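Commentary on secondary and tertiary structure
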Amino acid sequence: MNGRDIQALVLDVDGVLTDGRLYYGEQGEQIKVFHVLDGAGIVEWIRRGLKLAILSGRNSPIINRRAQDLGITEVIQGALEKLEPFRQLIDRWGLAPQQVAYIGDDWPDIPPMQQCGFAVAVQNALPEVKQASKLVTRASGGAGAVREAIDYLLSQKRNDQ
């Protein structure tokens, strides 16, 4: 397992940045719960000049709000098939797939995970997703898994210096 060459990170949302459950209020409004540790890790990743994007199969204004709060400028929503948007994103960044890490939990995440340089599955991911990954977090999605993966990737960069 090695993440030292990773220059960018792409995240799924539901099941990765959240616990995967969908909450609805009385008026039908959607509610998502995010973990502060994940947010702190994302802010540190971006602060170090590394690229980060959200690639979600669902559409939600809550995702835009969370991305804005954390300084994430690349947000792709409504991508039921994720491979082509993933390829377009890394082309726009001018990176090779081997320079990108991807964190996922469900079947639509497998194609970009198979193309990226470092695939991560959260603890609550489907077995097929775990099999496609180089790292399975101890934490579940929505419970600090993104922070755990970021800490791992950043430690690889420190160990290589």
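Right above here is the structure, for reference.
The model shown is predicted, which means the values in this text are computed figures rather than measured ones. (Residues numbered from 1 in each chain as written. Predicted model: local features only at pLDDT ≥ 70, side-chain atom pairs only at ≥ 80, totals over all residues. Heavy atoms only, no water.)

Turning next to helix H1 (residues 36–47). With twelve residues, H1 extends 16 Å between its outermost C-alpha atoms, agreeing within 8% with the 16 Å of an ideal straight helix rising 1.5 Å per residue. Listed as buried for H1 are Asp38, Gly39, Gly41, Ile42 and Trp45. Considered in projection along H1, the buried side chains sweep an arc of 165° and stay on one side of the axis. Exposed residues on H1 whose side chains face more than 90 degrees from its buried face are Val36 and Arg47. (Helix = DSSP H or I, 4+ residues; strand = E, 2+ residues; numbered from the N terminus. Expected span 1.5 Å × (residues − 1). Buried < 20%, exposed > 50% of the residue type's maximum accessible area, 1.4 Å probe, protein only. Arc of directions from axis to C-beta.)

Turning to the packing of aromatic side chains, a few remarks are in order. Applying the stated criterion across every chain yields a total of two aromatic pairs. Plain terms: the ring middles of phenylalanine 86 and tyrosine 102 are 6.0 Å apart, the flat faces sit at 80° to each other, and that makes the pair edge-to-face. Here phenylalanine 86, found in helix H3 (residues 83–93), pairs with tyrosine 102, found in strand S6 (residues 100–104); they are 16 residues apart in sequence, far enough to count as distant. A relative accessible area of 1% places phenylalanine 86 in the buried class. Residue class for tyrosine 102 comes out buried when judged on its relative accessible area of 0%. Ring plane angle 20° and centroid distance 5.7 Å describe the contact between phenylalanine 118 and tyrosine 152, whose orientation is recorded as stacked. Of the two residues, phenylalanine 118 is situated in strand S7 (residues 118–121) and tyrosine 152 in helix H6 (residues 145–160); the sequence distance between them amounts to 34 residues. Per residue, the accessibility class of phenylalanine 118 equals that of tyrosine 152, and both read buried. (Phe/Tyr/Trp six-rings, centres within 6.5 Å; stacked < 30°, edge-to-face > 60°.)

Counting 49 residues, the largest nonpolar core has Leu9, Ile42, Trp45 and Ile103 as the members making the most contacts within it. The biggest single contributor to this core is H6, with seven residues. Beyond its immediate stretch of four places on either side in the chain, leucine 9 contacts Trp45, Lys51, Leu52, Ala53, Trp93, Ala101, Tyr102, Ile103, Ile150 and Leu153. (Core = buried A, V, L, I, M, F, W, Y, C linked by side-chain atoms within 4.5 Å. Contact = heavy atoms within 4.5 Å.)

This brings us to the environment of glutamine 30. Tracing the sequence through the fold places glutamine 30 in strand S3 (residues 30–31). Classification of glutamine 30 as buried rests on a relative accessible area of 18%. As for glutamine 30 and serine 60, which are separated by 30 residues in sequence, their C-alpha atoms are 8.0 Å apart. Residues within four places of glutamine 30 in sequence aside, it is in contact with Leu22, Tyr23, Tyr24, Arg58, Ser60 and Ile62. In terms of polar contacts, glutamine 30 uses its side chain to reach the side chain of serine 60, at 3.0 Å. (Polar contact = N/O pair within 3.5 Å; in protein donor to acceptor, adjacent residues only side chain to side chain.)

Moving on, we get to the pattern of salt bridges. Within this structure, the stated rule accounts for eleven salt bridges. Salt bridges here are not isolated pairs; linked through shared partners, they connect Asp12, Lys82 and Asp109. (Salt bridge = Lys/Arg side-chain N within 4 Å of Asp/Glu carboxyl O.)

The sheet built from six strands is open, its strands ordered S5-S4-S1-S6-S7-S8 with parallel pairing. Single-partner strands in this sheet number two, and they are strand S5 (74–76) and strand S8 (135–136). Bridging between strand S4 (residues 51–55) and S5 involves three bridges; their strand directions are parallel. Looking at S5, one finds that isoleucine 54 is bridged to valine 75. (Pairing = 2+ DSSP bridges.)

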